[in-house]
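Listed here are the chains, written in short residue letters.
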Amino acid sequence: MKPLVGISCCQKPFGIFATPNHAASDSYVRVVRGPVVGTPVLLPAAGEDISGELLPHLDGLILTGSRSNVWPGHYDGPAHAEGTPEDLQRDATTLPLIRAAIAEGVPLLAICRGMQELNVALGGSLDQRIQDLPGRMDHSTPSDQPIPRVRTGKAHAVRIDKDGALARVLTPSARLAGRLAVNSLHNQGVQSLAPRLVAEAWAPDGTVEAVRVEGAAAFALGVQWHPEYDWEQDADSRSIFEVFGRACEARRLARTGLVGLAQAAE
Ligand SMILES: N[C@@H](CCC(=O)NCCCC(=O)O)C(=O)O
């Protein structure tokens, strides 16, 4: 048996009738079946809090990236500019799911939109177009960028807190250097950090690029970049998922009552 790892879906229109579907990138399924060493399960953007139905069966949770954006009403922010993609169904499912997962000690890895959801779920706010702010970089990559190494390749470095939780899940060389090269596919970013979040990595323009949940009972990290795009080539991306996977396995053993048997077998 492997840990059951939930992957958050977006609600997306499909086909000529724009029929609502629930979708997540194959890159999340592949990484769960790869370095996470888990069984992936897609979690629908149900449009309501279903955490009580999901979490008793899950050993870990990945909050995925998406072109859509957290509805500003969740953080008292200004309305999005006309045409900005939103996913109210997803928000209504993931925000309570994040709070419940943290409360119940379910390992959680929040990626890009997922990190923004983590911040909003715990009481933080977002800037909606950081490239328009004074002194800030453009962190976005046009979704129609046809060249993969440009679209998902390394875009800038981040400075890492060498004493933080993220540093402990990276390779020794990244931890020693206190720096990491990352890809970048986002327009939004942390404006005010939620009370329980601690920033752990920063872009050269000060944009928060990674956070940990202070006092979390299990693995609880958010990253603004996409390690799921390059774990096969990048040891630091792979290490994040490997450590997350071990946390999910620990939850599986505890959740299924096998932890005693596992220890006895050691
Ligand atoms: N929409 C938010 C979050 C960005 C994000 O999750 N990007 C992933 C894009 C996935 C893809 O296009 O393949 C923002 O813009 O900040």
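Let us look at the structure shown here. Just so it is clear, the model here is predicted, and its values are computed rather than measured.

## What about the overall build of the chain?
- Across its full length, the chain holds 9 helices and 13 strands.
- The C-alpha atoms of the chain give a radius of gyration of 18 Å, which matches the 18 Å a tight globule of 266 residues would have.
- For the chain, the residues scored as buried account for 50% of the 266 residues in total.
- Of the contacts made within the chain by residues no fewer than 6 positions apart, 69% connect residues no fewer than 24 positions apart.
- Counting only carbon and sulfur atoms, one obtains 54% of the accessible surface of the chain, whose full area is about 12100 Å².
- Positive and negative side-chain charges in the chain, numbering 25 and 30 respectively, have mean positions lying 5 Å apart.

## Looking at the site of the ligand
- The environment of the ligand is formed by 15 residues, the closest being Ser66, Ser68, Arg151, Gln188 and Tyr229.
- Separating a nitrogen atom of the ligand from a backbone N or O atom of serine 68 is a distance of 2.8 Å.
- Most atoms of the ligand, that is more than half of them, are within 2 Å of grid points of the largest pocket.
- Each residue belonging to the shell around the ligand can be placed in one class, and the counts come to 3 nonpolar, 9 polar and 3 charged.

## Some thoughts on the state of the cysteines
- Tallied over the entire structure, the rule returns 0 disulfides.
- Looking at the unpaired cysteine 248, the closest cysteine sulfur is the one in cysteine 9, lying at 17 Å.
- Take cysteine 248: its relative accessible area is 0%, and that puts it in the buried class.

The rules we used
Residues numbered from 1 in each chain as written. Predicted model: local features only at pLDDT ≥ 70, side-chain atom pairs only at ≥ 80, totals over all residues. Heavy atoms only, no water. Helix = DSSP H or I, 4+ residues; strand = E, 2+ residues; numbered from the N terminus. Rg over C-alpha atoms; globule rule 2.2 N^0.38 Å. Buried < 20%, exposed > 50% of the residue type's maximum accessible area, 1.4 Å probe, protein only. Contact = heavy atoms within 4.5 Å. Areas by Shrake-Rupley, 256 points an atom, 1.4 Å probe, with all protein chains shown as cover. Lys, Arg positive; Asp, Glu negative; His and termini not counted. Charge placed at Lys NZ, Arg CZ, Asp CG, Glu CD. Near = heavy atom within 4 Å. Polar contact = N/O pair within 3.5 Å; in protein donor to acceptor, adjacent residues only side chain to side chain. 1 Å grid on protein atoms, 1.4 Å probe; cavity = no way out; pocket = protein on both sides within 12 Å on 5 of 7 lines; lining within 4 Å. Sits in = over half its atoms within 2 Å of the grid points. Nonpolar A, V, L, I, M, F, W, Y, C, P; charged D, E, K, R; others polar. Disulfide = S-S within 2.5 Å.

Such coordinate-based values are descriptive only and should not be taken to indicate function.
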